[in-house]
Amino acid sequence: MTFGEQLKQARKAANLTQAELADLVNSTKAAISRYEKGQRVPRSDIFLRLAAVLQLDATQMLSLASLAGFTPPQISTSMYNLLEWIDYKELVSTLVSLN
């Protein structure tokens, strides 16, 4: 199974449309469509956001990373960026809930 096929399967399992997934990872519907069709692979930071939003376990994430052609150093750097993004999302969510 290709990266795109696995991504599409995970998205459908999460009951998300391409547009909804795109919004959750700060991307576009067109980009998600291209990933699923195998026309391109996401940057490593978007890849990790996809993994987080789709709640992939470590095995699934590493399998997809391998299919997408990412190396361990790329994943490590992007994990740091993902943690910053999650903290930002949590802060925004907290602020919104206070209003």
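Structure: see above.
Residue positions are given per chain, counted from 1 along the sequence in the order it is written. Owing to the predicted nature of the model, reporting of local features is limited to residues with pLDDT of at least 70; listing and counting of side-chain atom pairs is limited to 80 or more, with chain, interface and lining totals taken over all residues. Hydrogens and waters are ignored; side-chain quantities use all the structure's heavy atoms.

S.K.: Break down the overall build of the chain for me, citing the residues and quoting the values.
M.R.: Elements are defined by DSSP. Helices are runs of H or I of four residues or more, strands are runs of E of two residues or more, and each kind is numbered from the N terminus. Helix and strand counts for the chain stand at six helices and zero strands. Ordering the α and β elements of the chain from the N terminus gives α-α-α-α-α-α. The classification of residues rests on relative accessible area computed with a 1.4 Å probe and restricted to protein chains. Under 20% of the type maximum is buried, over 50% is exposed, and intermediate values are partly exposed. Out of the 99 residues belonging to the chain, those deemed buried represent 37%. Throughout, a contact is declared for two residues whenever any of their heavy atoms are within 4.5 Å. Long-range contacts, defined as pairs at least 24 residues apart, comprise 61% of the intrachain contacts of the chain with a sequence gap of at least 6. Working definition of accessibility: Shrake-Rupley area with a 1.4 Å probe, residue cover restricted to the visible protein chains. As presented, the chain carries roughly 6,200 Å² of accessible surface, and 55% of it is formed by carbon and sulfur atoms.

S.K.: Tell me about the pattern of salt bridges, residues and numbers included.
M.R.: Note on definitions: salt bridges are taken to be side-chain nitrogens of Lys or Arg within 4 Å of carboxyl oxygens of Asp or Glu. Counting across every chain of the model gives one salt bridge. Close ionic contact of E36 with R11 constitutes a salt bridge, the shortest N to O distance being 2.5 Å. Placement of the pair is E36 in helix α3 (residues 29-37) and R11 in helix α1 (residues 3-13), with a sequence separation of 25 residues. Grouping residues by exposure puts E36 and R11 together as buried.

S.K.: I'd like a description of the nonpolar core, backed by residues and values.
M.R.: Across soluble globular proteins, nonpolar side chains have a tendency to be buried as a group. Within the largest apolar cluster, 22 residues are counted, with the highest numbers of intra-cluster contacts made by F3, L21, I32, Y35, F47, L50 and L54. Among the elements of the structure, α1, α2 (18-24), α3, α4 (44-53) and α5 (58-68) are those that each provide at least two residues to this core. The biggest single contributor to this core is α4, with five residues. In this structure, F3 is in contact with Y35, V41, P42, F47, L64, L67 and A68, ignoring residues within four places of it in sequence. We define the nonpolar core as a collection of buried residues of types Ala, Val, Leu, Ile, Met, Phe, Trp, Tyr and Cys that are connected through side-chain atoms lying within 4.5 Å of one another.

S.K.: Describe the environment of L24, naming the residues involved and giving the relevant values.
M.R.: For L24, the location among the structural elements is in helix α2. C-alpha separation for the pair L24 and L54, spaced 30 residues apart in sequence, amounts to 9.8 Å.

S.K.: Lay out α3 with the relevant residues and their values.
M.R.: Within α3, burial applies to A31, I32, S33, Y35 and E36. Against the buried residues of α3 lie α1, α2 and α4. Backbone geometry just downstream of α3 places G38 in the positive-phi region, at approximately 80 degrees.

S.K.: A description of the side chain of R11 should follow, citing residues and the corresponding values.
M.R.: Taking the relative accessible area as the measure of exposure, R11 reaches 7% and is therefore buried. Counted as a polar contact is a pair of N or O atoms within 3.5 Å, where, for protein atoms, one must be capable of donating a hydrogen and the other of accepting one, and residues adjacent in sequence contribute only when both atoms are in side chains. Among the polar contacts made by the side chain of R11, one reaches the main-chain carbonyl oxygen of L16 at a distance of 2.8 Å. Not counting residues up to four positions away in its chain, the partners in contact with R11 are L16, T17, Q18, L21, E36 and L54.

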